[in-house]
Amino acid sequence: MPHVFWADEQGLPATDRGLAYGDGLFETIRMQGRQGLLLSRHLARLTRDAARLGIPVSRRDLQSVCARAVERWPRSDDEGWVLKLTLTRGAGGRGYRADPGMTPNLLVSAAPLPPMPDPAGVVADFSRVPLTVNPLLAGIKSLNRLEQVMAAQDIQGSLFEVLMSNARGELVEGTRTNVLLKTSMGWVTPPASTLAVAGVLREWLLERLRARGEPVLEQPIPVADVTGPECQGLFLLNSVLGVVPVRTLADHDLPVDTGLATIFNPLELLE
């Protein structure tokens, strides 16, 4: 069992490796009362990716902490909020090399649900900050998010998100969202192996689309494809904010397709 720290009581110790080196990972879970949206997928990802980093934690322990969290911060069934789990390797060690047999630290916090985006579509732009994905860490929602922090500084005014590309000029993801492009060939999204964060909503939505018999391609997306004539709709995916259509990208008006609204209903995904 990790050492559990409640954010309304105390923070992590100064020697925590998450603070010192970003040696950890996190999950941000949309809650509705006592239930969480895609909760089992969040806990499965946290357990799986912690194992990839060599941080021992069990699904049972995480479920127990979530149960304690909803008792600690009670909400009515119709009240939305956000539960955040930050897991680090623990405290100690000299330099980058961790001490063997360390006990992980788990910081648990609660926050209000942010305002939901306009269902008619949002405004986005391309980021000037390139995104580099280490294949060893691909998909892991680690604490190393400096590129996203730098890119997010340009999100101001009516701008909802900026989209980040790799060195080859291929669209990867937003600072806080995965991307899904609708074309005449079907749905297109970058492969999970190329992503900084492989989102749980992305995973669920691709499964649902395939189950409906719709073509889904996981392949690189050149930036030109998003603003070109093949684009029939661009969507940003975030498990807290939902499925968000883009109506304007870098001053280009995009078609807004409402078909995904019939698939994604947050209230049906609570656990």
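Calculation notes
Residue positions are given per chain, counting from 1 as you read along its sequence in written order. Side-chain atom pairs in this predicted model are given and counted only at pLDDT of 80 or more, local residue features only at pLDDT of at least 70, and totals for whole chains, interfaces and linings cover all residues. Neither water nor hydrogens contribute to the side-chain values; these are computed over all heavy atoms in the structure. Counting from the N terminus, the helices are DSSP H or I runs at least four residues long and the strands are E runs at least two residues long. The classification of residues rests on relative accessible area computed with a 1.4 Å probe and restricted to protein chains. Under 20% of the type maximum is buried, over 50% is exposed, and intermediate values are partly exposed. Note on contacts: a residue pair is in contact if any heavy atoms of the two residues lie within 4.5 Å. Accessible surface area values rest on a Shrake-Rupley calculation with a 1.4 Å probe, where residue burial reflects the displayed protein chains alone. Using protein atoms alone on a 1 Å grid, points that fit a 1.4 Å probe yet trap it form a cavity, whereas open point sets bounded by protein on both sides within 12 Å along at least five of seven lines form a pocket; residues with an atom within 4 Å of a point count as lining. Grid points are joined across faces, edges and corners, and a volume is the space filled by probe spheres set on the points. Residue classes follow a fixed rule: Ala, Val, Leu, Ile, Met, Phe, Trp, Tyr, Cys and Pro count as nonpolar, while Asp, Glu, Lys and Arg count as charged, and any other residue, Gly among them, counts as polar. In these notes, a set of buried Ala, Val, Leu, Ile, Met, Phe, Trp, Tyr and Cys residues joined through side-chain atoms within 4.5 Å is what counts as a nonpolar core. Criterion for a salt bridge: a side-chain nitrogen of Lys or Arg within 4 Å of a carboxyl oxygen of Asp or Glu.

### Some details on the overall build of the protein chain
Piece 1. When you go through the protein chain residue by residue, the secondary structure sums to six helices and 15 strands.
Piece 2. Within the protein chain, the fraction of its 271 residues that count as buried is 51%.
Piece 3. The long-range fraction of contacts in the protein chain, counting pairs at least 24 apart against all pairs at least 6 apart in sequence, stands at 70%.
Piece 4. Taken as a whole, the protein chain presents about 12,900 Å² of accessible surface, with 53% of it coming from carbon and sulfur.

### Concerning the layout of surface pockets
Piece 1. Estimated volume of the largest pocket: approximately 570 Å³.
Piece 2. Residue lining of the largest pocket: 27 residues in total, with T28, K141, T175, R176 and N238 positioned closest to the centre.
Piece 3. When the residues that make up the lining of the largest pocket are grouped by side-chain class, the tally is eleven nonpolar, nine polar and seven charged.
Piece 4. Taken together, 19 residues line the second largest pocket, and the ones lying closest to its centre are P119, L241, V243, P245 and F264.
Piece 5. With four residues, strand β14 (residues 242-249) is the single largest residue contributor to the lining of the second largest pocket.
Piece 6. Per-class residue counts for the lining of the second largest pocket are 13 nonpolar, three polar and three charged.

### What about unusual backbone geometry?
Piece 1. Although it is not a glycine, A250 adopts a positive phi angle of roughly 50 degrees.
Piece 2. The exposure class of A250 is partly exposed, given its relative accessible area of 21%.
Piece 3. The phi torsion at D251 lies on the positive side, around 70 degrees, for a residue other than glycine.
Piece 4. Residue position: D251 is located in the loop between β14 and β15 (252-253).
Piece 5. Given a relative accessible area of 79%, D251 falls into the exposed group.

### Some words on the nonpolar core
Piece 1. The biggest cluster of nonpolar side chains holds 25 residues, and the ones touching the most others in it are L25, L83, L85, L87 and V108.
Piece 2. For this core, the secondary-structure elements that each account for two or more residues are β1 (3-6), β2 (24-32), α2 (39-53), α3 (59-72), β4 (80-88) and β5 (105-112).
Piece 3. Discounting chain neighbours no more than four positions away, the residues touching L83 are E27, T28, I29, M31, C66, A69, W73, V108 and S109.
Piece 4. Membership of the second largest hydrophobic core comes to 20 residues, among which are V122, L234, V240 and L241.

### Some thoughts on the pattern of salt bridges
Piece 1. What the rule picks out here adds up to 17 salt bridges.
Piece 2. Notably, a salt bridge pairs R17 with D23, separated by 2.9 Å at the nearest N-O pair.
Piece 3. R75 is the partner of E79 in a salt bridge, and the nearest nitrogen-oxygen pair spans 3.5 Å.
Piece 4. Of the residues examined, R75 reaches a relative accessible area of 24% and is grouped as partly exposed.
Piece 5. A single salt-bridge network, built from bridges that share partners, covers D8, E9 and R72.

Read these as spatial facts, not as claims about activity.
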